[in-house]
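# Summary of the model geometry
What follows is each chain in one-letter form.
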Amino acid sequence: MASDDRVRIIAEVAQAHDGSLGTAHAFIDAVADAGADVVKFQTHIASAESTPHEPWRVKFSPQDETRYDYWKRMEFTEPQWEGLRAHADEVGLGFMSSAFSLEAVELLRRVRVCGWKIASGEVRNLGLIEAVQGDGLPVYLSTGMSPLAEIDAAVAHVRALGLPLTVLQCTSMYPTPPEKVGLNLIPDFRERWGLPVGLSDHSGTIWPSLGAVALGATVLEVHIALSDQAFGPDVGSSLTPESLGRLVQGVRWLERARARPVDKDAVAEELSEMRALFMKSTVVRRALPAGHVLSEGDLIAKKPGSGIPAERIPDLIGRRLVRALEADALLTDADLAPDPGSG
């Protein structure tokens, strides 16, 4: 768990605003209403991060001739970014944005983000990693496309800079199927580097994040779309505000459970009255006279559990009754003559 025992939930807007500043502000309110901790965007400066020859991952936008044109349309001005950060402040959210160029790092530093996300495609961009040092903000390193050796190198580089680091298990598939989520890597990563570990999920469901928290994740990053019918390439990999709210509730529930280890003996004692109701006692099957010597066919286990425990039935065979019992009577030690073998 995090040092404050609270999992940090980051809602990733990415380009779901589709270049609309008003929609970007609407996302901030939706994320705050859902109860997440941080709203995160992506800061693209087309001329600084790409060339006009960059191919489409998915050709989804009919209004953009090239991927480069799309990045241009996603750009906000510095005052617009400052307005988004101020809005996040007003509603009690941390504000982050992934930087994809050195220019974007400097812009976001002036805007004053609360942490740095190193996106999956930037893991080998050591210049960008070095650019985020100096302010001591936490770094969240995504691993969506990288083999372990590459992640090892990036982790070592961030550590050498002395920055607080969380490694995020991520699989860059949109949406990510269950068999590719990699929940097994949450404890593996924690053991490998001795660092906090989280999950950056693209499944479009809440289940991987809940599983990750149960396995010790301290940070969750999930994409958000205002509707599952919204426009954009990441909608199928995103949560709606409603499902984000359910995720937040589930995570906070799991935090309470994990923070309070259960002592089974103490719980059993606490449930002693319940045990008496639901456990089974030794009961006589039919009416038996005084002096009767009990046989296996005379006894059966039935509720409630306030008589001789049913597990003692084998030890009661051959014992003699000191008084008559009716059918379905709970056998007690006072009903039995002293055991000759007990002395």
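Residues numbered from 1 in each chain as written. Predicted model: local features only at pLDDT ≥ 70, side-chain atom pairs only at ≥ 80, totals over all residues. Heavy atoms only, no water.

## Points about the pairing of strand E2 (residues 38-43)
Buried residues dominate E2, accounting for six of its six residues. Burial of the side chains of E2 extends over both faces: Val38, Lys40 and Gln42 are buried on one face and Val39, Phe41 and Thr43 on the other. Sheet topology note: the strand E1 (residues 8-14)/E2 ladder contains four bridges and is parallel. Bridge assignment links Glu12 to a residue of E2, and that residue is Lys40. The parallel pair E1 and E2 is bridged by helix H1 (residues 21-34), and the resulting crossover is right-handed. (Buried < 20%, exposed > 50% of the residue type's maximum accessible area, 1.4 Å probe, protein only. Helix = DSSP H or I, 4+ residues; strand = E, 2+ residues; numbered from the N terminus. Pairing = 2+ DSSP bridges. Right-handed = clockwise from strand over helix to strand, strands pointing away.)

## A look at the packing of H1 against helix H10 (residues 241-259)
Taken N-terminus to C-terminus, the directions of H1 and H10 make an angle of 35°; their axes are 8 Å apart at the nearest point. In the packing of H1 onto H10, the handedness of the crossing is right-handed. Contact residues: H1 offers Ala30, Val31 and Ala34, while H10 offers Pro241, Leu244, Gly245 and Val248. Each residue belonging to the contact of H1 with H10 can be placed in one class, and the counts come to six nonpolar, one polar and no charged. (Axes fitted to C-alpha atoms, helices over the stretch in contact; angles between N-to-C directions. Left-handed = near helix turned anticlockwise from the far one by under 90°. Contact = heavy atoms within 4.5 Å. Nonpolar A, V, L, I, M, F, W, Y, C, P; charged D, E, K, R; others polar.)

## Considering the packing of aromatic side chains
Considering all chains together, one arrives at ten aromatic pairs under this definition. Where Trp81 meets Phe95, the ring centres are 6.4 Å apart and the plane angle is 65°; that geometry is what we call edge-to-face. You can see Trp81 sitting in helix H4 (residues 78-90) and its partner Phe95 sitting in strand E3 (residues 94-99), a full 14 residues away along the chain. Judged by its relative accessible area of 1%, Trp81 falls in the buried class. Following the ring pairs from residue to residue traces out a cluster consisting of Trp56, Phe60, Tyr70, Trp71 and Phe231. (Phe/Tyr/Trp six-rings, centres within 6.5 Å; stacked < 30°, edge-to-face > 60°.)

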